[in-house]
Amino acid sequence: MTKHLNLGGTCTFPGTSHTVNRLGYGAMQLAGRDGDKVVWGPPADVPGAIAVLREAVASGVNHIDTSDFYGPHVTNQLIKQALHPYPDDLVIVTKVGNRRASDGSWPHARSRQQIIDAVHDNLRNLGLDRLQVVNLRIGGFSAPTDEPFEEPLTALAELRQQGLIQHIGLSTVSARQLAEAQAITPIVCIQNFYNLAQRNDDAFIDAVAAQGIAYVPYFPLGGFSPLQSSRLNQVAASLHATPTQVALAWLLQRSPNILLIPGTSSVQHLRENLAAATLELPDEALATLDGVSAAAA
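Keep in mind it's a predicted model, so treat the numbers as computed, not measured. (Residues numbered from 1 in each chain as written. Predicted model: local features only at pLDDT ≥ 70, side-chain atom pairs only at ≥ 80, totals over all residues. Heavy atoms only, no water.)

### What to know about the overall build of the chain
Counting its secondary structure elements, the chain contains 10 helices and 11 strands. Relative to the globule expectation of 19 Å for 297 residues, the C-alpha radius of gyration of the chain, 18 Å, shows essentially globular dimensions. Its C-alpha atoms give the chain principal-axis dimensions of roughly 50 × 45 × 40 Å. Residues counted as buried form 55% of the 297 residues belonging to the chain. When contacts within the chain are restricted to residue pairs at least 6 apart in sequence, those whose partners lie at least 24 apart make up 73%. Taken as a whole, the chain presents about 12600 Å² of accessible surface, with 52% of it coming from carbon and sulfur. (Helix = DSSP H or I, 4+ residues; strand = E, 2+ residues; numbered from the N terminus. Rg over C-alpha atoms; globule rule 2.2 N^0.38 Å. Buried < 20%, exposed > 50% of the residue type's maximum accessible area, 1.4 Å probe, protein only. Contact = heavy atoms within 4.5 Å. Areas by Shrake-Rupley, 256 points an atom, 1.4 Å probe, with all protein chains shown as cover.)

The following block contains the structure:
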C-alpha cells in the first residue's frame, strides 16, 4: 500500500458530509485520442490508466473529477473498473451539460431530458445508485456566457429531490449566474478557468469562500503567454520543482476553499503533481508569481 501523502489539507463541501483532500485528480486525460478527436475513445494503455487511478487513491486522493462525456463513457468505465467498490471516503464529482458528437465536438446537451439521460449514464457507467456531486456545465470553453440555464438546473434539482444525486455544482459561471442558480437550488462548488496567469475570478473566489463554497480551477497551466511561462519556469528552477508543481502550490496557497484536480495518464506525473502539496513557496517566489498575471504577452 502506498503511503498516504499530505495533500494540501482538507475542505468540506458546504452543507454536506463530504470532506476531501484539497489535491485531487481529474480523469479527463485518461481517455484516448483518435486523430483530431481528443478525449475520445479508450486509452492506448488501459492497464496504465487503471494503475494511475489506483495509485491516486492509494496516495490519499479522495476527490476524483470526471464526466460521462469524456470518451464518451470511457473515463467513468475506467474509474469503475479500477476502484469499484469505492472507498467510503471517495467523492466522485461528475458533470453534465454537454455531449460528444461523432466528429468529436462538444455540443450543448441542456434540455431537461438530456440532463436526465446524462445523470443516468453517469450512474450506470460509474456503477452507482446515487451521484455525490454533479456540476452543470454552462459556459464556453474557458469563460462564462450569458445564457439561460433554468431548465437544466431545475432538472438537476428534481433529480436531487428524487435522491439520484446528492449535491449540485456549476462549471464556467459568473457571480451573477451563481446567485441566480442559488435561487433554484443549493450550490456546493464552482469549477471555472483560473490559474496563475488567468486571474479574472480573483474577486469571485473570495466571494464564494465567504459562503464556504468550494472553488475548483481547471487548466492550471492554460492560457500562459511565453513571458508568463518564462517567469514561472524561472521560479520553478530556483525551487528545484517543475512549473506544474509551482502552479499547483500557488493555487493551494491562494485560498483554502480551492480544490485542485490536475489530470495525467502517467503514474510518474501523478506523483509529481501530488508532491506539489508539500512545496513551500518563499515570499520572494510568491512576489514573482503574483506578478505573472500582469506580465505582458
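### Points about unusual backbone geometry
Cis geometry marks the peptide bond from Gly-71 to Pro-72, where omega comes out at -15°. Among the structural elements, Pro-72 can be located in the loop between strand E6 (63-65) and helix H2 (74-83). With omega at 0°, the peptide bond leading from His-84 into Pro-85 counts as cis. Looking at the element boundaries, Pro-85 is found in the loop between H2 and strand E7 (91-96). A positive phi angle, near 55°, is found at Phe-219, a position not held by glycine. Position of Phe-219 among the secondary structure elements: in the loop between strand E11 (214-218) and helix H7 (226-238). The class for Phe-219 is partly exposed, based on a relative accessible area of 29%. Notably, His-240 is not glycine yet its phi reads approximately 55°, a positive angle.

### Some words on helix H1 (residues 46-58)
Three- or four-residue spacings in an α-helix give side chains the same orientation, since the helix completes a turn every 3.6 residues. Between its terminal C-alpha atoms H1 stretches 18 Å, which fits the 18 Å expected from 13 residues at 1.5 Å a residue. Among the residues of H1, Gly-48, Ala-49, Ile-50, Val-52, Leu-53, Glu-55, Ala-56, Val-57 and Ala-58 are the ones counted as buried. At its buried positions, H1 is contacted by strand E3 (25-26), E6, H2 and helix H9 (267-275). Looking one or two residues beyond H1, the residue adopting positive phi is Gly-60, at roughly 110°. (Expected span 1.5 Å × (residues − 1).)

### As for the pattern of salt bridges
Scanning the entire structure with this criterion turns up 11 salt bridges. Across the salt bridge formed by Arg-271 and Glu-55, the nearest N and O atoms sit 2.9 Å from each other. With a gap of 216 residues between them, Arg-271 in helix H9 and Glu-55 in helix H1 connect regions that are remote in the sequence. Owing to a relative accessible area of 13%, Glu-55 belongs among the buried residues under this scheme. A salt bridge links Glu-158 to Arg-112; the nearest nitrogen and oxygen atoms lie 3.1 Å apart. (Salt bridge = Lys/Arg side-chain N within 4 Å of Asp/Glu carboxyl O.)

### Here we look at the packing of H1 against H2
At their nearest, the axes of H1 and H2 sit 9 Å apart, and the two run at 65° to each other. Seen from above, H1 lies across H2 with right-handed handedness. The segment H1 lies against H2, with Val-46, Ala-49, Ile-50, Leu-53, Arg-54 and Val-57 engaging Leu-78, Ile-79, Gln-81, Ala-82 and Leu-83. Of the residues belonging to the contact of H1 with H2, the class tally is nine nonpolar, one polar and one charged. (Axes fitted to C-alpha atoms, helices over the stretch in contact; angles between N-to-C directions. Left-handed = near helix turned anticlockwise from the far one by under 90°. Nonpolar A, V, L, I, M, F, W, Y, C, P; charged D, E, K, R; others polar.)

### Comments concerning the nonpolar core
The biggest cluster of nonpolar side chains holds 81 residues, and the ones touching the most others in it are Ile-64, Leu-156, Leu-170 and Ile-190. Looking at this core element by element, the count peaks at seven residues for helix H8 (residues 243-254). Those residues within four positions of Ile-64 in sequence are excluded, and the remaining contacts are Tyr-25, Ala-27, Leu-53, Val-57, Ile-79, Leu-83, Leu-90, Val-91, Ile-92 and Val-93. Membership of the second largest hydrophobic core comes to 12 residues, among which are Cys-11, Val-133, Leu-259 and Ile-261. (Core = buried A, V, L, I, M, F, W, Y, C linked by side-chain atoms within 4.5 Å.)

### Examining the pairing of E11
In regular strands, side chains alternate between the two faces of the sheet. Of all five residues that make up E11, five are buried, and the element is covered over most of its length. The alternating pattern of E11 places Ala-214, Val-216 and Tyr-218 on one face and Tyr-215 and Pro-217 on the opposite face, and all of these are buried. Relative to E11, strand E10 (residues 189-193) runs parallel, the two sharing five bridges. Considered in E11, the bridge of Asn-192 is made with Pro-217. Read from E10 through helix H6 (residues 202-210) to E11, the crossover connection turns out right-handed. (Pairing = 2+ DSSP bridges. Right-handed = clockwise from strand over helix to strand, strands pointing away.)

### A word on the sheet that holds E7
On the basis of which strands lie adjacent, the open sheet formed by seven strands has the order E3-E6-E7-E8-E9-E10-E11 and parallel pairing. The sheet is open, and its two borders are formed by E3 and E11, each paired with just one other strand. Pairing geometry for strand E8 (residues 131-137) and strand E9 (residues 165-171), over six bridges, is parallel. Paired with Val-133 across the bridge in E9 is His-167. Relative to the sheet, helix H3 (residues 112-126) contacts E7, E8 and E9, its axis offset from that of E7 by approximately 145°.

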